[in-house]
Amino acid sequence: METGELNPNHYPAQRAAKVVQHYLNTRYGSPHKLFGLQSVHSGNAEDLADSGRKYQLEISVQEMIGNTTVKCSAEVLFPRGEPQRSAQVQASCEELLKINTTAQEEAWYQQHQKNQGLLSVQNLPDSYGHIEPDMKPLWHLCIVASSFVMLNESTENTLYNVAQVANVTQLATQNDQLKFDCHILLHEMVSQEIIQWKLLFTWSPPGGVKMLQMEQLPHRCEKPPNTN
Amino acid sequence: MLNLVGLGFVVLLAAMGAATVESTLTTILQIQSLLMLVLQLIALCLMHFDVCNSVQYDYYKYHPMHEIQSWMAQIKNEHPDVVTIMDYGKTYEHRTISLLKIGFDTGEKKKAIWMDCGIHAREWIAPAFCQYFVREILNAYKTDSKMQEMMKNMDFYVTPVLNMDGYIYSWEEERLWRKNRSPGPAGCACNGTDLNRNFDANWGTIGVSADCCSNIYCGSHPVSEPEAQAVTYFVGTRKEDFLCFLTIHSYGQLLLVPYGHPNFTASNYNELMEVGLAAAEAIWKVHGKNYTVGASPDVLYPNSGSSRDWARMQGIPLAYTFELRDNGTFGFELPENQIQPTCEEAYMGALHIITYAHDKTFSGAVATVAATLWTVLIAMGVTGSNSM
């Protein structure tokens, strides 16, 4: 594997940078705040003997709802050894905390706290890439929750994105935290596989997303072949 | 459709209202012929509702396979002088694989450009791009002298959907299906081979799985799959003609050059990179989207058995994989409101590569239809120093 200065456009730096995206979403993501990797400016990889490989990166991420670009310096450590442990990330981003979404989050929280008919939605986005505007915050929230999984599962040999939220159900509010069940489909680029996870989590504006349960679901059973 | 029928009725009623005793017979005949016209319009539109007027074909929506097939027929009917449909193989489920051959019929053997879309079922933006590309070149050649020249010198072979079985399966059963629909080897619980790992190019060596349930299962042997066989036979028997082989995928915003195997470098790697980078710049100029250019093992992952690698190994000099929008936000389920900008930028990228391939072969002379002798003489003098 490459060590020293990395080509920012090549996959080692890009995969490590994607992990930073997942990390930022777990820390700062909300129904109204979501980060996407925009570009890698520079990268450096160091082999740490038995502990693993450490990447140092200068990247830009985009807060996608408000369309703000934020520069970050980050370190990603991919640990070595059995059993496989998750990547560890440190990141400092300029002006991250300046992105203020408190008002929208409070409003959304209030609206859903009162929700008598608890929400259940399928296919975000649908096959045509469409999401009803009202459903977008829910989609964002499931992506934030998915980021915990993607962060846990990422290695130097993977690149994760959320392919689709198959199903999201709002459950009864618990201790002033909104509670959700998201069934998500992840796309892993290197294997090209679709991996399903069931996520149980809570969210509130001050608390952010707190994961309760994360469960990988087995591969879809193959349907019997058409006999037409 | 309803406007035309409605108009027919309005004229009919007006004719009826204007009838006087003296002109009754004339009016009856007028009404009769109008009625025939209206009935014909209704019949025509009922038969071809989706593409009743191809001007109304919506290039910015995703279309199921049968609509794409109707569209192909409509395109051929509207441009019989430059478009032919060629059937060149069968899918596993016995569907006929077809392409549109577009170019002036000069009666001579011509150089060619290859474009295929939809090797991977779930990458719906790719077939959308092939359709857009066809529409663009057919609109351009009437007024743009450069496109006219290219259509004179080259034929464009465009396959809107190569993996038809998979594409239909992604519409009807499983939106995120990737492979074709051939059964696995005996005892396998899963279906499908990854067509873009099945070509005879370092087959089965890297970036593949021998697990028949894997999404990168490379098949039981090289070119085991009928869809891969179709391309191999069609392009293989004409390989000296092809200047350029473009295979369209999503997602990732990449232009990939051969080879997928890290131990092999194309002999014209520098040229491929230079042309690719210029194409990426052309893409960026349209809507500001960055497409990364590089060999697959550098910018994505190593792989083997791809159609691009096979084409390059046949000697086709300019072979590229396009990975269109986006970068993972929507992934395979790219919103329909992004079809237009994605197609616009990809078109400029593809056009750059195609124009380069053309100009390299035809000495870079740009001749307008009404080229004067003076222009020709200048062109002859200049191309002596321009030609590569």
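What you see is a predicted model; the values in this text were computed from it and never measured. (Residues numbered from 1 in each chain as written. Chains lettered and ligands numbered in written order. Predicted model: local features only at pLDDT ≥ 70, side-chain atom pairs only at ≥ 80, totals over all residues. Heavy atoms only, no water.)

Caption draft 1: Highlighting the overall build of chain A. Across its full length, chain A carries three helices and 10 strands. Its C-alpha atoms give chain A a radius of gyration of 18 Å, within 12% of the compact-globule value 17 Å for 228 residues. Across its three principal axes, chain A shows a C-alpha extent of roughly 55 × 55 × 35 Å. Per-residue burial over chain A gives 51% buried out of 228 residues. Here the analysis covers contacts within chain A between residues at least 6 apart in sequence; of these, 56% occur between residues at least 24 apart. (Helix = DSSP H or I, 4+ residues; strand = E, 2+ residues; numbered from the N terminus. Rg over C-alpha atoms; globule rule 2.2 N^0.38 Å. Buried < 20%, exposed > 50% of the residue type's maximum accessible area, 1.4 Å probe, protein only. Contact = heavy atoms within 4.5 Å.)

Caption draft 2: Spatial organisation of the packing of aromatic side chains. All names here are of chain A. Per the counting criterion, the structure on display carries 31 aromatic pairs over all chains. Ring centres of Y55 and F78 lie 5.5 Å apart, and the angle between their planes is 90 degrees; this geometry places the pair in the edge-to-face category. Of the two residues, Y55 sits in strand β3 (residues 52-63) while F78 sits in strand β4 (residues 68-79), which places them 23 residues apart along the sequence. Taken as a pair, Y55 and F78 share a single burial class, namely buried. Seen in terms of ring centroids, W108 and W203 are 5.7 Å apart; in terms of plane orientation they differ by 70 degrees. Their pairing is edge-to-face. Here the residue W108 occupies a position in helix α2 (residues 102-113), and W203 occupies one in strand β9 (residues 193-204), the gap between them amounting to 95 residues. With relative accessibility at 6%, the residue W108 sits in the buried group. For W203, a relative accessible area of 1% gives the class buried. (Phe/Tyr/Trp six-rings, centres within 6.5 Å; stacked < 30°, edge-to-face > 60°.)

Caption draft 3: Up close: helix α4 (residues 125-140) of chain B. Between its first and last C-alpha, α4(B) extends 22 Å over 16 residues, near the 22 Å set by a 1.5 Å rise per residue. In terms of burial, α4(B) is a largely internal element, 14 of the 16 residues being buried. (Expected span 1.5 Å × (residues − 1).)

Caption draft 4: Representation of the environment of A121(B) within the structure. All names here are of chain B. By the element assignment, A121 lies in the loop between β3 (111-117) and α4. In this structure A121 comes out as buried when scored by relative accessible area, which is 1%. Discounting residues that sit within four places of it in the chain, A121 has contacts with N163, G166, Y167, S170, W177, R178 and K179.

Caption draft 5: Molecular detail of the sheet that holds β9(A). Residue and element names in this part refer to chain A. The strand order β6-β7-β8-β9-β10 describes an open sheet built from five strands, whose pairing is antiparallel. With partners counted over all chains shown, the strands left at the sheet margins are β6 (120-124) and β10 (208-217), one partner each. Strand-to-strand twist of the sheet, defined as the mean angle between neighbouring strand axes without regard to direction, takes the value 15 degrees. In terms of strand pairing, β9 meets β10 through nine bridges, oriented antiparallel. Considered in β10, the bridge of W197 is made with Q216. (Pairing = 2+ DSSP bridges. Axes fitted to C-alpha atoms, helices over the stretch in contact; angles between N-to-C directions.)

Caption draft 6: Molecular detail of the state of the cysteines. Across all of its chains, the model carries five disulfides over all chains by this definition. Note on cysteine connectivity: C72(A) is disulfide-linked to C93(A), with sulfurs 2.1 Å apart. An S-S torsion of about 105 degrees defines the bridge between C72(A) and C93(A) as right-handed. Placement of the pair is C72(A) in strand β4 and C93(A) in strand β5 (residues 88-93), with a sequence separation of 21 residues. Of the two residues, C72(A) and C93(A), both sit in the buried class. Sequence-ordered numbering of the bonded cysteines in chain A gives a disulfide pattern of 1-2, 3-4. Note on C218(B): no disulfide assigned, nearest cysteine sulfur contributed by C212(B) at a separation of 11 Å. Judged by its relative accessible area of 6%, C218(B) falls in the buried class. Note on C343(B): no disulfide assigned, nearest cysteine sulfur contributed by C117(B) at a separation of 9.0 Å. (Disulfide = S-S within 2.5 Å.)

Caption draft 7: Structural view of the domain arrangement of chain A. Residues and elements named next belong to chain A. One can read the domain layout of chain A as domain 1 (4-98) and domain 2 (102-216). Computed over C-alpha atoms only, the centres of domain 1 and domain 2 are separated by 21 Å. Across the boundary between the two partners, domain 1 contributes 22 residues, which contact 23 residues of domain 2. Across the domain 1/domain 2 interface, buried area totals approximately 2,100 Å², and carbon plus sulfur atoms make up 66% of it. Measuring nitrogen to oxygen at the nearest pair gives 2.6 Å for the salt bridge that ties E156 to R53. The interface formed by domain 1 and domain 2 holds eight residue pairs in polar contact (both at pLDDT 80 or more) in total. Only α1 (11-28) and β3 provide two or more residues apiece to the side of domain 1 that touches domain 2. A per-element tally of the side of domain 1 that touches domain 2 places α1 first, with eight residues. (Domains from an automatic or database assignment. Buried area = accessible area lost by both parts, 1.4 Å probe. Salt bridge = Lys/Arg side-chain N within 4 Å of Asp/Glu carboxyl O. Polar contact = N/O pair within 3.5 Å; in protein donor to acceptor, adjacent residues only side chain to side chain.)

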